[in-house]
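# Descriptive structure summary
Listed here are the chains, written in short residue letters.
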Amino acid sequence: MALLRGSGGLQGGLGRLRAFEQNEQNAPNKQYANQSSQRHCRDRGHSNVCSTHHTGVVLFTKKEPAVLVLLGFAMIAVFMVLIMTKKLTPVLALIIVPTVFGLFAGAGLGIGDMVMDSMKSMTSTAALLMFAIIYFGLMIDVGLFDPLVRFILRKLGNDPAKVVLGTALLAAAVSLDGDGSTTFILTTAAMLPIYLRLKMSPVVLTCVAGLANGTMNIVPWGGPTARAATALKIDVNDVFVPMIPSLVAGLAVVLVFAWVLGLQERNRLRATQPELWGTPETAEGFDGGTPAGGAGSTGRGGSGRGTAPVPATGSPAVGGSSVAVLERTETLVDDSDTAMADTALDPNRKTLRPKLQWFNLALTVAVMGMLIADLVPLPYVFMVGSAIALLVNFPHVKDQGAQLVAHAPSIVAVVSMVMAAAVLTGVLTGTGMVEAMSAWLVQIIPSSMGPFMAVITGLLSIPMTFFMSNDAFYFGVLPVLSETAAHYGISGAEMARASITGQPFHMQSPLVPAILLLVSLAKVDLGDHHKKVLWRSAVVALVMLAVAVLTGAIGIH
């Protein structure tokens, strides 16, 4: 068991983790065995674990911690490889991979109960996402966000670099409400139609929105900061305020990434679609100017051989602005796009309700106000909001049914992934993989690294919050690390600050329902999103950690 052999300097801080791990590992064994026996044995005179009828049937065989560590990391690696190489869809990978590794981990017949227990905790999230999609989908259909889209296009024009930068700024601003799902719904509603108009890659949208939201996720009301403060019994302001320079630095890195991604999109469009974009020598060509080489044909229908075609934006500026926007949007719409993606593209769609614009705006403000106030469970807020929106905007039953059907693809996509994620979380928790992996990561830290425990905690928060929930990390792992760090004079506040630096990476995890919502709304493959966002989110997290060390928010003792 050399794999799990700890260092002498850390043994004192590990006692509580071993006791916690033992209790957690024993409890599932008894629980799942009892539940399975009760289903199979109808004799009330027998005990829960019925030796009379089930002699020799092993429902859950606990593996050694070292085996669980290897299986846990292998399961995460196989899952990531399969979705990033597109060998399996995320839904299938979330179901098949954990099931196979769970059986190898000794879950046996108890694996079903593990998954069902995990799924119970996912039902409210699934309901929230389902009715949030319906609500904001309706608001897009009736034209609530059309003025916002026109405003953004008027200000940003058709320069991809500016559009991507605007996406980052919008996502960061909306993220101030602390809810990732709301951020992604609003950002997608406002920006995805623009990406489709300009033929930009939606993967860029999900990448930038994910980076901005993950960075802003350390605000005190966002969740992780409050969890860290609660777990270590310190004031939340003591955690957040010293981290403001890190937050600013992280956002600066996100904006740099956004601008670079925008420049890459600009160059890609020049190369792949010269009939739309031409070959302008400067950015002005993307702002309504005529590209070098003189005038050519416009749009897709022109000829103009031998001359560089003018982008489909060589129109007069909108509203007197010096920035032009695309005119022929109907030629830039893919009919296969979902209702959530393309409803805002058609200015003549039958679902527009211009006379109800102020009512829909007031209803949306009320819904968002209830969300921020947190007076009523969020799923219920969106249920009532969707019902009112449907009733007022579409009073006929036939139209109401049509609207629900129109948004069914987006709903099925995101809810199925949330439910499938319950298999992964259920196996990780139920088999004891999470506890074994956490204990191993803590134990391999040499005692000589004690003075660097805060920095180490920041580094560990990057991968650990990716493959486990925030609750598991902040309430299960952080207290143990903090107790160990206390022997070296490192305060709980410093440990809490370090623990939240991994949030930009955490928000990209397939265990986070909000990111599943984002990729579903944008019709982006989760593997493609991870290819573009993971290394960038790791860079943002490391920059935030480095700035915190430089400013003294996280000390080295």
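Parameters and conventions
Residues numbered from 1 in each chain as written. Predicted model: local features only at pLDDT ≥ 70, side-chain atom pairs only at ≥ 80, totals over all residues. Heavy atoms only, no water. Helix = DSSP H or I, 4+ residues; strand = E, 2+ residues; numbered from the N terminus. Buried < 20%, exposed > 50% of the residue type's maximum accessible area, 1.4 Å probe, protein only. Polar contact = N/O pair within 3.5 Å; in protein donor to acceptor, adjacent residues only side chain to side chain. Contact = heavy atoms within 4.5 Å. Phe/Tyr/Trp six-rings, centres within 6.5 Å; stacked < 30°, edge-to-face > 60°. pLDDT = per-residue confidence, 0-100. Axes fitted to C-alpha atoms, helices over the stretch in contact; angles between N-to-C directions. Parallel < 35°, antiparallel > 145°, perpendicular 65-115°, else oblique. Left-handed = near helix turned anticlockwise from the far one by under 90°. Salt bridge = Lys/Arg side-chain N within 4 Å of Asp/Glu carboxyl O.

### Quick look at the side chain of Q508
One can find Q508 in the loop between helix 23 (503-506) and helix 24 (513-521). Residue Q508 is classed as buried on the basis of its relative accessible area of 0%. Only 3.0 Å separates the side chain of Q508 from the backbone oxygen of P504, close enough to count as a polar contact. If we skip the residues at most four places from it in the chain, Q508 touches G210, L211, F466, I515, H529, H530, V533, L534 and S537.

### With respect to the packing of aromatic side chains
For the coordinates displayed, the defined rule picks out eight aromatic pairs. Ring geometry for F73 versus F467: centroids 5.8 Å apart, planes at 80°, classification edge-to-face. Placement of the pair is F73 in helix 2 (residues 65-84) and F467 in helix 20 (residues 453-467), with a sequence separation of 394 residues. When its relative accessible area of 29% is taken as the criterion, F73 is described as partly exposed. Take F467: its relative accessible area is 5%, and that puts it in the buried class. Taking 5.1 Å as the distance between ring centres and 50° as the angle between the ring planes, the aromatic pair formed by F466 and F505 counts as tilted. Here F505 lies in helix 23 and F466 lies in helix 20, a separation of 39 residues in the sequence.

### A few points about the confidence of the model for the protein
Here the protein averages 76 in pLDDT, while 75% of its residues score no lower than 70. Across the protein, the element-wise mean pLDDT spans from 40 in helix 14 (residues 339-342) up to 95 in helix 9 (residues 202-216). Scored below 50 in pLDDT, residues 1-58 makes 86 contacts in the model with residues more than four places away or belonging to other chains.

### Structural notes on unusual backbone geometry
The phi angle at K199 is positive, at roughly 60°, despite the residue not being glycine. Among the secondary structure elements, K199 is positioned in the loop between helix 8 (180-197) and helix 9. With relative accessibility at 26%, the residue K199 sits in the partly exposed group. Despite not being glycine, K523 shows a phi value in the positive range, around 55°. A relative accessible area of 46% places K523 in the partly exposed class.

### A look at the packing of helix 8 against helix 24
Closest axis-to-axis distance for the helix 8/helix 24 pair is 8 Å, and the angle between their directions is 15°. Of the possible angle classes, the one that applies to helix 8 and helix 24 is roughly parallel. At the point where helix 8 passes helix 24, the crossing takes the right-handed sense. Facing G180, S181, F184, I185, T188 and L192 of helix 8, the residues of helix 24 in contact are A514, I515, L517, L518 and L521.

### Topic: the pattern of salt bridges
With the rule as written, the count across this model stands at three salt bridges. In this structure, K120 and D117 form a salt bridge, with 3.8 Å as the shortest nitrogen-oxygen distance. With K120 and D117 both in helix 4 (residues 111-120) and three residues apart, the pair spans about one turn of that helix. A relative accessible area of 61% places K120 in the exposed class. Under the relative-accessibility criterion, D117 is labelled partly exposed at 23%. When the shortest N-O distance is used, the salt bridge between R266 and D159 registers 2.7 Å. Of this pair, R266 sits in helix 12 (residues 244-272) while D159 sits in the loop between helix 6 (146-156) and helix 7 (160-174), and the two are 107 residues apart along the sequence. Just as R266 is buried, D159 falls in that class too.

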